[in-house]
Each structure stands twice: as structure tokens, then as C-alpha cells.
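Structure assessment
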Amino acid sequence: MTAQNQNEDAAPRQWQTIKLIENPYWRYGLVILAIAYLFYSVGTLDINWHRMSTGLTRANNMFSRMVPPDFTRWELLVKGILESLQMAFAASFFGMILAVPLGLCGASNLVPRPVYLVARAIIVLSRTFHEIIIAIFFVKIFGFGPLAGVLTLVVASTSFISKMLAEDIENMPPGQLEAVRATGASFPKLLIYCISPQALPRYLGVSIYRLDANIRHSTVVGIVGAGGIGQVLAATFSRYDYDFSLAILMIIVALVFLGEVFSNWVRSGLR
Amino acid sequence: MTLEEHAQKYPEVWQRFNPRQTLIRYVWYLSIVAVATWSVSNLDIPWIYFLDAHVQAMDLATRMWPPDLDFVDKLYDPLIETIHIATLGTLVTILIAFPVAFLAARNTTFNSTTWFIGRLILVTSRSVNTVVWGLLFVAIFGPGPLAGIWAIAFRSIGFMGKLVAEAIEEIDLGAVEAIEATGASRLQVLWIGILPQVMPVIYGTTIYRWDINIRESTVLGFVGAGGIGIQLYSSINLFAWQEVSLMLTSVFAVVLVSEFISAAVRQRIS
Amino acid sequence: MLTIQNLVKVYPTGAKALNDVSFSVDEPQVITIIGPSGAGKSTLIRCINRLVEPSSGKIMLGDTDIVSLRSSGLRKARRRMGMIFQEYNLVERLTVMENVLSGRLGYIGFWRAYRRKYPPDDVSAAFKLLDRVGLEGYHNTRADALSGGQRQRVGIARALMQRPELLLVDEPTASLDPKTSRQIMRLLVELAREHNTPALINIHDVALAQTFSDRIIGLADGRTVFDGTTEDVTADVLTQIYGEEDWSTTIRKVDEEDEENGDEAKKMKKPDPQKGLVREASAG
């Protein structure tokens, strides 16, 4: 047919890749917006090369004072690390325990709607604020020291683990729950016989991951006086003991790395 | 069938775990309990504080209500500064994290030494908290948002780098092979073969990390690295609880908005 | 044994899944329920043990009205009914043995369930059932390592562990290939007859229904439109249930297949006294 012949002759001679954002106005508009934002924000923040360069010379200065790292005060270091580890373990332990009821209540396929909404609200609220803010509040109520730190980490751990647990339970295939209910099993038996075996591997995996994260976070809460190696670290910075700071930082990095290795090993065994 | 044969074929006892497995499980349980006990006991917790904790908490709550609305005017600049810190920090991260991710991925790195260096950079970045990086950069650049931006950047490199490196390691090698077979240069292979496969992950993690960085930026001020944290810290130390509750509410609102944006964009990408 | 009177189910969306369904089961027979998708077959089966809440009506299991029961009474009633599902619905991460024994969950206490310490009679009966369904030696295999047909056998064993007064079966063969479907149906019907338990089976394959059942109930638009024996199922009946179609290939030609196979249904009329060991051993 003539229409077809015409189409064959008029084959497109140009071609462009499909962009992520189709409309060219949007695309270029966003780029222009981004550049404008860059200029605006950098200007507002009063960032200029002068500050950067003085900063870099100071960084150089600091670096030379940091190296070599000073391990002579290792007793203080070890004490701080041990305290951080204890905080991390205790927080993970209690966090795991508390996360079970909260996570179960946060699963819409298990509990009535009002209970579900309350549980989800608690989880969202505890995750909104950075743990340093929560740490400050606990320090105000319980005073300086590791207690405030443990409590902060417990709040962080519980909300994290319970969120994962609730999502895991909601994603469970409903047929299995139905079948166990059909045998006449009560709710507690449903928990241990169906929900627990299915949710357990992921629950344990998330908890182990959280243990590693708690070691990291225990450094932060120390800055506001909630115990752990963070407190020691903050002190070294304020006293300009940069070589000791480097020593502490190196140990923290090594510890977190080992924690990750351990965590991966356990999680692969759980599969 | 005799009674013995019956008992043998259809035993009346069944156990889920054999004795060895049961023993291993109990060893794990005991060690967990032991570690938990050790950690709690050594912490020197003043248990007596729990007695009046609820009283103290109620006291604090009443002092924080109602939020001091007159204070709102002083909040605009610090909040905007906070958002700037998070955004600029994330932007800087992309520039640095991307090449580091290539070094840290087994299939795109040059040799095992560079792979190790890449991995080391990522682990170091992840192990140190944003606030601790903030401490460091305040010492270098002095107090202010400049330190905050670098703190955000240095922490985010580890996060983004790890996820992007994992994405690079999981790409379809067949596509890369095909491009190499056409005689393309190494850079072209990178651009056409590898990059398109990794782009969605890069976009996704960038926006995800930006959202997290907004939260982190709010507290950087505690160590002097700019943002609303400076004001928040001073109000807390002055016991101006109503100002504090106002700031916390505004932080909550900003975090909500950023989470919403982040979820919407990630939805659109996938 | 089971009497259903004026059962009605209206879903919150307004869809009327069951519209005044009534029938009764007075003797141990195999009853298949046929009908198009959306006719209410699945809803009917699930209303009987109240996995779906009926809107109105009466369901009498023996002397008990299921609809009026509260939670603990309902659990006791559910123990008396064994259910077999289309998607097998085993707890995937548990072993075959744990899944089979879960049929007894309604009868043991919480802590025994937690420690998996079942009464010796039950354990022995479980082994025997596994043997009977052809899964000897599989007791420590994880459920998600089994094939579809094997999983359905575990589901059947689990239902029978309850020593139920009634078997509720929801499309047992929908996810299985033709050969396995026949094996499973054969197994189901044999076991129902051995244990003298009436069975209500949802099925969409009419030929399969005719081959294996004593009585067929046809459901269309939430109403019973047919209730009779397999011989009574003619092309007209099927049109009434499903609508206009060429039914000649679906209806099993009774006379021809009788000569070929010697009628499966007739073969299984007499329960084998030897195979009743499970019931006797546990009753004693």
C-alpha cells in the first residue's frame, strides 16, 4: 500500500536516548534550579576560598599533631571501650525484648486497628529525633553517665527492630496463619507455631545488625555525657590531645569493622 | 506386624533437634544471657533513679508545654541553614563516593591494593558518626556550617559508597562483555556498559541519604557545626524548655516533609 | 452430622457471596461442590469453620451451632473440623513432622506446644499417617523443600491428625498437575472412607468431581442449584450452574469409563478394616 511505502521512506534519521525526565522543560529547569540553588546556598553560608584554605592549613597542622597516634593512656581507652561495649550489648538485649510486643502490635494483620495505630505512632515518634537529642533528655532526667546512654540506645534499638519485625509479619503469606487458626489453636499458640518460626531469622539478623550499630552510636551519646568512649573522645578534642584522639578513632573503626564481620558471619548461619 | 516392629516403625517419641543441636542452642542462650548480665552489672547503674524517673519526666513535659511561639522568627535562618548543610553535604558526597565505589567494587577496581584502600575508606567513613566527624571538622575549619557540610559528606561517603559498590558488583557482566567486544575503550565501557545499570541505585541512595542527612544536620550544631542544633543546644542548657519544644516540633515537621519527598522520588525511580 | 440452614454472607463491599444456602450431611459421604469462580464455593467452606464470618444463618455441627460460638468455644469446634487448603498453607520453615503435629494444637497446652512435646499416641499416629500418605522418612525435612504434591499430602496428614468429624477441603488440586491431582483426590477419598469421615470438597474440575464423589452440590451466584448424585449431572445441569457451553467433553461418559477403569468410585466403597489402625490405636 502506498501508506506503507511512504512510511518506509520516511524512516527516522535522528534518535535520542530516553531521559529519566521526559519533558525537556522540566529537565533543563531542574538543572538551572540546581545551579541557582548552589550559588544561593553557598553565598548564604558565607563559604569562600579564604576559609577553606585557612582550614586546610589548619587541617595539615592538626594532622601532623595527630600522627603518630598516642596509645600511652590505654587504660582510659580500654575503660571507655568496655563501657561502650557494655552499653551496646545491654541496649541490644533489652531492645530485642521490648521490640517483640511493640513489633507484634505494629502488624496490621495480627491486632485490631487502634492497637496497630498506637504502636505505629510510638515507632514513628521514637525514630524522628536523633539519638543525641534523646540522650540529652535522658541525661537531664537520670544525670550523666552510662545509664542515660543505655536508655537512649534502648529506645533507638527497640524502634528499629520493632519496625522491621512489624513489616516482616505484615509481609507473611496469610495462608499459613489461616491454616494454624483452622486447627483450633489459640493466639499464643499461633505466635509460637507460625509467626515465630517465620519471623525469627530476620528478627535475629536485624538484632545482630543493630548490635553493631549500637557500638557506633555509643560513641555519639558520650559527647553529651551519656557514657562510653564518646565521652573520652570529646574530652581529647577539647584538650587538643589530637594524637590520643587518633588512637581512639582507630580503635573505634577497628571495633566496628570486627563487629560487622561477626554480624555477617552470624547472619549467614541463620539462613 | 508385631508390637516391637510397630514401636520401631512408628515411634512414640520425636524430637525436633538431636542432642548435639540442642546442646549448641543452649550454649548460645546461656552465653547471650551471660553477656547481657555482665554488661548490665558492670555499668554501675544507679537503679534508685528509676524510682522518681516518671515524676521527673512529667515535670519536664509540663515545662515544655506550651511551645514558645514568639521564638519562631529566630528559627527560620537556622532551619534553612540546616537544610543547606544537608543538601550541600550530600552533593559533595556524590562527587567523592562515586569514584571510591568504583575502587571498592571487585569487578571495577584496578588491583587488590586499590580494592583494599577503597574498602578501608568506606569502613572508616561509616564507623565514625557524623557528629564525631563534626568535632573533627570544627577543629579544622572552626565553628560554622562549613564544618557541618564536610562532616555530613565524610559520613555519607561510606553509606553511599557501600551501596553503590554492591550495585556495581551485581551488574550483568554479559552486557559489559558485549560492549568490550565492540572495541570500546575502558572509559566508554564504564560510561555505556556499567553506568546505566548503576544509575537507579545512585539516584535512590542519594535521595535516601539526603533524608537521613537532614536528621543528622539538625544535631550537628551541638558540636558547633552549624544549623538549628546550635540554638537547640543553647536553649537546653538555659533550661528554656518552651523554646526547646518549639524547635523539636519544627524539626519534626522538616523531617516529615523530607521523608515524604524522599519516598515520593524513590517511588518514581523504581 | 452437619446441617446448614439459610446461610447468607454479604461482604463489606456489598457483594452477596452466599444467598440462602441450605443442605445437610447425614452420613459419611464424599461431597464435592462445583460451580463457577465467584459462586461462593470458597466462602461456603470458610464459613463453616468461621474463617469467614457468616452474615446470618445456622451451621450445626452435631449439636453445636457454630455461628453462635465465642472464641474458646469456636476453637473447640474448629478442632473437630479438619481443613485442607488450595495453597497447602504449611508453615514453611518448620519440618514436615511439626506441620503434621500442628493438627493437635487445639488439644495440647501452650508450653507443650512450645517445647514440641506431644503425647506419645499422637507422635506414633503422626508417623503412621506420614507413612499412609506416602511420605515415610520425610519427617525431618523442611516444608519448603517439598514439591506441591508432597506439600498437599502433608496438609492432608495434618487435617487427619485432628481426628475430625468433618473434612473441609478447598480446591485441593487447583495448583497441581493432572496426574498428581488424581493421586491426591484418590488419597483424600480413600482416607475419608477409612476414617468414616464426611468430606466437603470444593473443586472446579467437573470430571474429577464426578469420578470421586458420592454426591455433588452445584453452586451458582451464591445459591444451591443442584444437589444429587454424579449420574444426575447432565449437560442441562451444567448449563444451569456454569452457563451455556459445549459440555459433551466435560461430562464423564459413565458407561464407557465404567468398562475401561472399572469405576473408581465403586472400588472404594468398602473401607479396609486393616487400615483403621490409626483410630483404634488412639482410641485404646
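The paragraphs below set out a description of the structure included in this document. Just so you know, these numbers come straight off a predicted model, no measurement behind them. (Residues numbered from 1 in each chain as written. Chains lettered and ligands numbered in written order. Predicted model: local features only at pLDDT ≥ 70, side-chain atom pairs only at ≥ 80, totals over all residues.)

Here's the deal with the overall build of chain A
Selection criterion: Only DSSP runs of H or I reaching four residues or more are called helices, and only runs of E reaching two or more are called strands; each is numbered from the N terminus. Radius of gyration means the value over C-alpha atoms here, while the globule rule gives 2.2 Å times the residue count to the 0.38 power. With C-beta atoms placed from the backbone, a residue is buried if 20 or more other C-beta atoms are within 10 Å of its own, exposed if 12 or fewer are, and partly exposed between those counts. Distance between backbone-placed C-beta atoms decides contact: two residues are in contact if it is within 7 Å.
Tallying secondary structure elements over chain A gives 11 helices and zero strands in all. Ordered by position in the sequence, the α and β elements of chain A form the string α-α-α-α-α-α-α-α-α-α-α. Taking 2.2 N^0.38 as the reference for a compact globule, 271 residues should give roughly 18 Å; the C-alpha atoms of chain A span a radius of gyration of 27 Å, well beyond that estimate. On the principal axes, the C-alpha backbone points of chain A span a range of 90 × 75 × 35 Å. Counting over 271 residues, chain A shows a buried share of 43%. Pairs at least 24 apart in sequence give 73% of the contacts found in chain A among residues at least 6 apart.

Brief notes about helix 7 (residues 145–169) of chain B
Side chains that are three or four residues apart share a direction in an α-helix, a result of its 3.6 residues per turn. Residues and elements named next belong to chain B. Test applied: Helix span is expected to be 1.5 Å times the residue number reduced by one. What the bend at a residue measures is the angle between two axes, fitted to the seven residues ending there and to the seven starting there.
The terminal C-alpha atoms of helix 7, which comprises 25 residues, lie 35 Å apart, in line with the 36 Å expected from a rise of 1.5 Å per residue. The sharpest bend along helix 7 comes to roughly 30°, located at serine 156. Counted residue by residue, helix 7 has 21 buried out of 25 residues, so it is predominantly covered.

Some words on the sheet that holds strand 4 (residues 56–61) of chain C
Residue and element names in this part refer to chain C. The test is simple: When DSSP finds at least two bridges between two strands, those strands are taken to pair. Axis definition: a line fit to C-alpha positions, over the contact stretch in the case of helices; interaxial angles, taken between N-to-C directions, run 0 to 180 degrees.
Taken together, four strands build an open sheet; the order of strands is 2-1-4-5 and the sheet is antiparallel. Across the chains shown, the open sheet's two edge strands, defined by having one partner strand only, are strand 2 (16–25) and strand 5 (64–65). Relative to the sheet, helix 1 (residues 41–48) contacts strand 1 (2–10), strand 2 and strand 4, its axis offset from that of strand 2 by approximately 60°.

A word on helix 10 (residues 229–238) of chain A
In terms of residue burial, helix 10 of chain A counts as a mostly covered element, since seven of its 10 residues are buried. Every buried residue of helix 10 of chain A is accounted for by Ile229, Gly230, Gln231, Val232, Leu233, Ala234 and Thr236 of chain A. In the core, the buried residues of helix 10 of chain A are packed alongside helix 4 (74–105), helix 9 (187–221) and helix 11 (242–270) of chain A together with helix 6 (130–141) of chain B. Following helix 10 of chain A by one or two positions, tyrosine 240 of chain A has its phi on the positive side, about 65°.

Looking at the interface of chain C and chain B
With nine residues of chain C at the contact, the number on the chain B side is six residues. Contributions of two or more residues to the side of chain C that touches chain B are made by helix 3 (96–101) and helix 5 (120–132) of chain C. With five residues, the single largest contributor to the side of chain C that touches chain B is helix 5 of chain C.

Some remarks on the pairing of strand 10 (residues 223–228) of chain C
Residues and elements named next belong to chain C. The sheet contact formed by strand 9 (residues 215–220) and strand 10 spans five bridges and is antiparallel. Of the residues in strand 10, the one forming a bridge with isoleucine 216 is glycine 228. With antiparallel pairing between neighbouring strands as the criterion, strand 9 and strand 10 make up a hairpin whose turn holds two residues, including aspartate 221 at a positive phi of roughly 55°.

With respect to the nonpolar core
Burial of nonpolar side chains together is a common tendency in soluble globular proteins. Our working definition: We define the nonpolar core as any set of buried residues of the types Ala, Val, Leu, Ile, Met, Phe, Trp, Tyr and Cys, connected via C-beta atoms lying within 7 Å of each other.
Counting 205 residues, the largest nonpolar core has Ile132 and Ala135 of chain A, Val131 of chain B together with Val100 of chain C as its most contacted members. Aside from chain neighbours lying at most four places away, what touches valine 100 of chain C is Ala126, Leu129, Leu130, Val154, Ala157, Arg158 and Met161 of chain C.

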